[in-house]
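So you can see what is in the structure, the chains are spelled out below.
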Amino acid sequence: MVFIGVLRVMALRETEHLLALESSAISRIKVRELEAPTLSDMSGLWSSLKGGVVSTPFQTPEFLAALQETKLKTGDYRFSVGVFAEQGEEASPCMLLPLVRFQRGPIRVVGMPDFGLADQNAPVLGAGCRASRECRVAMIRAFFERLHDADIVDIHKLHGRIDARENPLNFMPETISQNSSLLLDLRDGEGSDNWCGKSIYKKTRSKFRRLVKEGVSLVEAETPEERTELFKTLAAQRSDRFRQLGRKDSLEREDRADFYIRLAQMEASSSPFRAIALKCGEETVAAMVLMMSGSQATAVLVSIGDPRWHAFSPGMVLFAKAIQHAAQTGVRWFSFGTGQQEYKQRFGGVEQPSRRLLMPLSTRGRLFVGAREAHRAAQDMLQIALRRNGVDT
């Protein structure tokens, strides 16, 4: 079987649907779902998208391939990609939807490859596709409704936008409010009221000059070997820091560290993995890993080295340098990752709401959602009763 847009035979199981969409500018959409595509398969598929790729860093072929080779091998998961194309234009898909299937107790779940490693979930859009947000929502909804091997769709961390486009998953009627993160629009960089004019950037410039006098410089790891070595240093520094605080570090889970190492080792120039550091000779003063793709960048990991450098605020300096470097390389959106710690707000980030799609596909799925909603309602009522009785929750 020769897959559209890829000039070789692909040993993939393929399921095909023809979606008839009512009240839509695009009435007939052909969907192929490909199971377990390799990095090479996905690279070819992504490059065939109509008009180019609109994607977050967390749905790039490299990110998904690294997940497939590490996290997806540690449990009973099935990875696939849904390929949406207008009928007659199968060689130029308009949208791709990476998916993963797994069991949660008795419930069969279909979601997106995440595992706590993706800070944003979204489909991959073709930049040249004319479909509206409403049409894309209808396409995805019709596809989900035809799935017979799942009880529920459960997708977390849905932001409103993918680059400059709207994220159709975020606007599905079954979404619920989840939490939020901080996002900085680097386009708004002029004037004292915008991010460049905030006092934190003046302070970090002063701190960086002091670091330079101590022999510290800003470096970016460029080769797979450099990226891997810097990540291992970052992981060791985080481990020491978390141990001092009496907390558990998620990077100490072997499969999670393996994921980042696999991504760091990839040769592809399109890989979203970036690693920067403040270094004094061979010593790493502070390190950061970012995921960057297109006009989006997200800081995902940061560490600080020897305590003697703490007076120089190397973590804050590195954040400021990462933001400025991203702006200089054409990135528009800089995300600070999960959490809204006070230090992140000082850099000028604006709250970015996040939603969760919880869509039942079967009677069992509807019972699950109903039980969950009843539990949440009971919790809310309990909190209200406690507050009325003067109990601080």
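No experiment lies behind these values; they were computed from the predicted model shown. (Residues numbered from 1 in each chain as written. Predicted model: local features only at pLDDT ≥ 70, side-chain atom pairs only at ≥ 80, totals over all residues. Heavy atoms only, no water.)

Remarks on the pairing of strand S13 (residues 273-280)
- Sheet topology note: the strand S12 (residues 216-220)/S13 ladder contains 5 bridges and is antiparallel. When the sheet's bridge partners are listed, Leu218 is paired in S13 with Leu278.
- Bridge count between S13 and strand S14 (residues 283-293): 8 bridges; the pairing is antiparallel. Directly across from Cys280, in S14, lies its bridge partner Glu283.
- Between the antiparallel neighbours S13 and S14 lie 2 residues, among them Gly281 with a positive phi of about 65°. (Pairing = 2+ DSSP bridges. Helix = DSSP H or I, 4+ residues; strand = E, 2+ residues; numbered from the N terminus.)

Notes on the environment of Ile155
- If you trace the backbone, Ile155 turns up in strand S8 (residues 152-158).
- Since its relative accessible area comes to 1%, Ile155 is described here as buried.
- Each C-alpha atom of the pair Ile155 and Met112 lies 6.1 Å from the other, and the pair is 43 residues apart in sequence.
- Excluding its chain neighbours within four sequence positions, the residues that come into contact with Ile155 are Gly111, Met112, Asn121, Phe144, Leu169, Arg355, Arg356 and Leu357. (Buried < 20%, exposed > 50% of the residue type's maximum accessible area, 1.4 Å probe, protein only. Contact = heavy atoms within 4.5 Å.)

Section: the pairing of S14
- Counting buried residues along S14, 10 of its 11 residues qualify, which places the element largely inside the surrounding structure.
- Inspection of the sheet shows S14 paired to strand S15 (residues 296-304) by 8 bridges, in the antiparallel sense. Of the residues in S15, the one forming a bridge with Ser293 is Gln296.
- What sits between S14 and S15 in their antiparallel hairpin is a turn of 2 residues, with Gly294 showing a positive phi close to 60°.

Digging into the packing of helix H5 (residues 224-245) against helix H6 (residues 254-264)
- Direction vectors running N to C along H5 and H6 enclose 155°, while the axes themselves pass 8 Å from each other. Regarding the angle of H5 to H6, the classification is roughly antiparallel. Between H5 and H6 lies a crossing whose hand is right-handed. Residues Pro224, Arg227, Thr228, Phe231 and Lys232 of H5 form the contact with H6, whose participating residues are Ala257, Tyr260, Ile261 and Ala264. (Axes fitted to C-alpha atoms, helices over the stretch in contact; angles between N-to-C directions. Parallel < 35°, antiparallel > 145°, perpendicular 65-115°, else oblique. Left-handed = near helix turned anticlockwise from the far one by under 90°.)

Remarks on a positive patch on the surface
- On the surface, Lys202, Arg205, Arg209 and Lys213 cluster together into a patch of positive charge.
- Inspection of the secondary structure puts Lys202 in helix H4 (residues 199-213).
- Looking at Lys202, the relative accessible area reads 61%, which means it is exposed. (Patch = residues over 30% accessible without salt bridge, like charges linked within 9 Å, V, L, I, M, F, W, Y side chains within 5 Å. Areas by Shrake-Rupley, 256 points an atom, 1.4 Å probe, with all protein chains shown as cover. Salt bridge = Lys/Arg side-chain N within 4 Å of Asp/Glu carboxyl O. Lys, Arg positive; Asp, Glu negative; His and termini not counted. Charge placed at Lys NZ, Arg CZ, Asp CG, Glu CD.)

Focus on a negative patch on the surface
- A cluster of acidic residues, Glu220, Glu222, Glu225, Glu226 and Glu267, forms a negative patch at the surface.
- With respect to the element layout, Glu222 can be found in the loop between S12 and H5.

A look at the packing of H4 against helix H7 (residues 314-328)
- Between H4 and H7, the least distance of the axes is 9 Å, while the angle of their chain directions is 110°. Of the possible angle classes, the one that applies to H4 and H7 is roughly perpendicular. In terms of crossing hand, the pair formed by H4 and H7 is left-handed. For the pair H4 and H7, the contacting residues are Ile200, Tyr201, Thr204, Arg205, Lys207, Phe208 and Leu211 in the first and Met316, Val317, Ala320, Lys321, Ile323 and Gln324 in the second.
- A per-class count over the contact of H4 with H7 returns 8 nonpolar, 2 polar and 3 charged. (Nonpolar A, V, L, I, M, F, W, Y, C, P; charged D, E, K, R; others polar.)

So, the nonpolar core
- In this structure, Phe63, Phe231, Tyr260 and Phe273 are the most contacted members of the largest nonpolar core, which totals 41 residues.
- Elements with a contribution of two residues or more to this core: helix H1 (39-47), helix H2 (61-69), strand S4 (78-86), strand S5 (95-104), H5, H6, S13 and S14.
- Counting residues per element, this core draws most heavily on H6, at 6 residues.
- Here this core gathers at least three residues from each of two domains, domain 1 (14-180 + 353-361) and domain 2 (187-331).
- Setting aside chain neighbours within four positions, we find Phe231 in contact with Leu251, Ala257, Tyr260, Ile261, Phe273, Val289 and Leu301. (Core = buried A, V, L, I, M, F, W, Y, C linked by side-chain atoms within 4.5 Å. Domains from an automatic or database assignment.)

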